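These are the residues of each chain, in order.
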Amino acid sequence: MATIALLSGSLRAESSNSAVVATLRKLIEEGAGGHEATVVPLRDFPPFDEDVEHAGLPAALEAARARVSGADALIVCSPAYNGYPSGVLKNALDWLSRPGGDSPLTGLPTAVLSASPGQAGGANVQPHVRQILANSGAAAVECDEVAVGNAISLRTPDGLIEDPAVLSRLAKLVDTVLAAVAAR
Ligand SMILES: Cc1cc2nc3c(=O)[nH]c(=O)nc-3n(C[C@H](O)[C@H](O)[C@H](O)COP(=O)(O)O)c2cc1C
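So, here is what we can say about the structure in this document.

Thresholds applied
Residues numbered from 1 in each chain as written. Predicted model: local features only at pLDDT ≥ 70, side-chain atom pairs only at ≥ 80, totals over all residues. Heavy atoms only, no water. Helix = DSSP H or I, 4+ residues; strand = E, 2+ residues; numbered from the N terminus. Contact = heavy atoms within 4.5 Å. Core = buried A, V, L, I, M, F, W, Y, C linked by side-chain atoms within 4.5 Å. Buried < 20%, exposed > 50% of the residue type's maximum accessible area, 1.4 Å probe, protein only.

Things to note about the side chain of Asn17
Then, in step 1: Checked against the element boundaries, Asn17 lands in helix H1 (residues 16-30).
Then, in step 2: Filtering out sequence-adjacent residues up to four positions away, Asn17 remains in contact with Ser8, Cys77, Ser78, Pro79, Ser114 and Ala115.

Remarks on the nonpolar core
The nonpolar side chains of soluble globular proteins are, as a tendency, buried together.
Then, in step 1: Core analysis: the biggest nonpolar cluster contains 27 residues, and Ile4, Leu6, Val20, Leu24, Ile75, Leu113 and Val177 have the highest contact counts within it.
Then, in step 2: Where this core is concerned, the elements lending two or more residues are strand E1 (3-8), H1, strand E3 (73-78), strand E4 (109-115) and helix H7 (164-182).
Then, in step 3: With 7 residues, the single largest contributor to this core is H7.
Then, in step 4: Non-local contacts of Leu6, meaning those with residues more than four positions away in its chain, are made with Val21, Leu24, Arg25, Ile28, Ala37, Thr38, Val39, Val40, Leu74 and Ile75.
Then, in step 5: Counting 24 residues, the second-largest nonpolar core is a separate cluster that includes Val40, Ala71, Val76 and Ala138.

Details of the side chain of Ser86
Then, in step 1: Of note, Ser86 is situated in the loop between E3 and helix H4 (87-96).
Then, in step 2: Owing to a relative accessible area of 1%, Ser86 belongs among the buried residues under this scheme.
Then, in step 3: Look past the residues within four positions of Ser86 in its chain and what remains in contact with it is Gly9, Pro79 and Tyr81.

What to know about unusual backbone geometry
Then, in step 1: Cis geometry is found at the peptide bond from Arg98 to Pro99, where omega equals -10°.
Then, in step 2: In this fold, Pro99 is placed in the loop between H4 and E4.
Then, in step 3: Backbone geometry at Asn82 places phi at a positive 55°, although glycine is not the residue there.
Then, in step 4: Mapped onto the secondary structure, Asn82 falls in the loop between E3 and H4.
Then, in step 5: Looking at Asn82, the relative accessible area reads 80%, which means it is exposed.
Then, in step 6: Non-glycine residue Asn150 carries a positive phi angle of around 50°.
Then, in step 7: Looking at the element boundaries, Asn150 is found in the loop between strand E6 (147-148) and helix H6 (151-154).

Structural data, given as structure tokens:
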């Protein structure tokens, strides 16, 4: 049984990236194998500050970090802001990259996808997120690209994605990540 940490790069209450994360959670927890998903709360990462780091991590940040350090893999769903990940996502990944060389990201299998209201689903942001993760020592899981286009209109009132074509791509990504974890 694996535990997969899930991180959305948007703080917005009706975020489409968070809807993708909620859908991934459902797929993982309701799929075969009894796997678990843990959503990492983006809001619990304060602006990165080495003074805060040296003084001792706030409890909420420590708990968010523990969700990643206790997981077998991490899936990140990123919005594109001017072609780059949101500042708050980069901030969270900076926290998770600490301490350098021995962080929760070191050697952790990671997969990246994106969601946006545009047709291209923010696909152009993905290489940047993968580069940040690689620079932080994470291991990339090779997956087919998943970029959820028209994502805001696909979000249901329950905060999920139910479009069959997208669901099928998300399920394939989950299977690929779980297979990578099992192969370690
Ligand atoms: C400052 C800013 C820049 C944006 N740049 C892009 C972009 O480069 N590509 C894109 O597809 N969408 C872009 N968008 C639209 C976001 O994808 C959209 O706000 C999206 O809903 C954010 O994700 P969320 O639904 O998870 O909150 C931008 C939005 C903002 C606020």
